[in-house]
Amino acid sequence: MLRVGTEGVYPPFSYHAGGQLTGFDVEYMKALGRALGIQVQFVEVPWDSMFAALTSGRIDLVANEVTKNPKREALYDLSSPYVDTTGVVVVAQDNSTIRSLKDIRGKRAGQNLTSNWADVARANGAQIIGVDSMDKAIQNLRQGSVDVVVNDKLAVRNFMASQTDPGVKIVAETSDRSESVLAARKGSGYLPALNRGIAELKSDGTTTRLYDKYFTAKEKPVTDWQLIKDNAWPMAWAAITVSIPLTLISFALGLLIALGVAVARLSTNPALFAPARFFISLMRGIPVLVLLLLIYFGLPQFGWKLAPFTAAVIGFTLNVSGYAAETIRSAISSVPRGQWEAARTIGMGYRSTLGRIVLPQAARTAVPPLSNILIDLLKSTSLASSILVVELLRQAQIAAAPTFKFFTLYGLAAIYYWLICVVLSFVQHRVERRVSRFVA
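Scope of this entry: the structure provided in the associated data block.

What counts, and at which threshold
Residues numbered from 1 in each chain as written. Predicted model: local features only at pLDDT ≥ 70, side-chain atom pairs only at ≥ 80, totals over all residues. Heavy atoms only, no water. Helix = DSSP H or I, 4+ residues; strand = E, 2+ residues; numbered from the N terminus. Buried < 20%, exposed > 50% of the residue type's maximum accessible area, 1.4 Å probe, protein only. Contact = heavy atoms within 4.5 Å. Areas by Shrake-Rupley, 256 points an atom, 1.4 Å probe, with all protein chains shown as cover. Lys, Arg positive; Asp, Glu negative; His and termini not counted. Charge placed at Lys NZ, Arg CZ, Asp CG, Glu CD. Pairing = 2+ DSSP bridges.

## Quick look at the overall build of the protein chain
Check the secondary structure of the protein chain and you find 16 helices and eleven strands. Reported as C-alpha extents along the three principal axes, the dimensions of the protein chain are approximately 90 × 50 × 40 Å. When burial is assessed residue by residue, the protein chain has 50% of its 440 residues classed as buried. Considering only residue pairs separated by 6 or more positions, the protein chain has 74% of its internal contacts joining residues 24 or more positions apart. About 20600 Å² of surface is accessible on the protein chain, with carbon and sulfur atoms providing 58% of the total. Considering the protein chain, the positive charge centre built from 45 side chains and the negative charge centre built from 32 side chains are found 10 Å apart.

## Concerning unusual backbone geometry
Here the residue pair P11 and P12 is connected by a cis peptide bond, since its omega of 5° sits within 30 degrees of zero. Of note, P12 is situated in the loop between strand 1 (2-6) and strand 2 (15-17). Notably, L388 is not glycine yet its phi reads approximately 75°, a positive angle. Assignment of secondary structure puts L388 in the loop between helix 14 (350-380) and helix 15 (392-400).

## Examining the pairing of strand 1
Side-chain positions along a regular strand alternate between the two faces of the sheet. Among the five residues of strand 1, four are classified as buried, and the element is accordingly described as predominantly covered. With two bridges connecting them, strand 1 and strand 5 (residues 61-67) associate as parallel partners. Within strand 5, the residue paired with V4 across the bridge is L61.

In structure tokens, the structure reads:
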């Protein structure tokens, strides 16, 4: 099994159509797998995380129009080129100041930070504005957030062919030829077989056939209603099977940890409250996205490899526990001290007092802020796409990439998030009413 990393949002090389991953690179790798007698499994990875996934062993190969250059040759095993192209300079339709590559000096260029095209723009004096993918770069260009985009000619032409009103134009080509290669970890031993397969696909006409299929055919524009019809259920299913379970599991585990940390934080024993205080400071101080990246891409360097969903659960659980611990601590502290003293006078121990007297009263105070943490967690699950979890927002990005109809798909995602939050708010109201019976 060969795990192949690709973006899934970079038409015509790698994108989704009819609910299936397709594109030149996808079909090419399937053909290469058949030629070599190897089963291929595709793993969708954001471009700026692609080589981190390769280095950490999450994938075995990158097939995403990787441009051959000396820096990459030093770090990775690069195959023979399987497609040649060049770059183009793209500007807004009404831009008359940029006519060539030399005119981009001092201009804002929307680029993937780790891409070869970012290096080209940077070498010509442009100010690099980081974006996740080409579709977002083009959208920023159309909105005026950047002045220019340098990207692959075939990808840009595919975009322009799929739009009735692209809003951008090609003003120049770069002088260099871009050779796209497959990338593997250094010393992988894959190169002899890969190069043999690439030569075979060239000689039997497969490369030419796929080139003509994806780079010369004119795309048909898709209507907004057709997009909604095609993607409403896949997005809802991603919410039902990934976003909601990820939220509920992480929140439940986070509450369990938070309760223990909160009790330790209230202790007068330095051996308990000092570590609890440090834990809260650490979990609230590290951005949840950084935490996810550390767990998923960082831990494999020490031999710990976790599945994407598992890594996401751990990351969100730790993040929630840091915030919820302080909420629970403050709720416990709000219970009058006399309640503790009264319990002691009738012979109740610390645990009994906490479980039967204090926590039921503290729950009424804690429910509203804990519900806010739960709702915020639901929305934060959109960050899980950075570690290869295909949740609701990622499903919307997949659908929007080939069509550039961002408002339609992201608007639909926003409605789904809102509806889930409405349900959570209803549950919060019912829980608040129930725990209020413990308070006179």
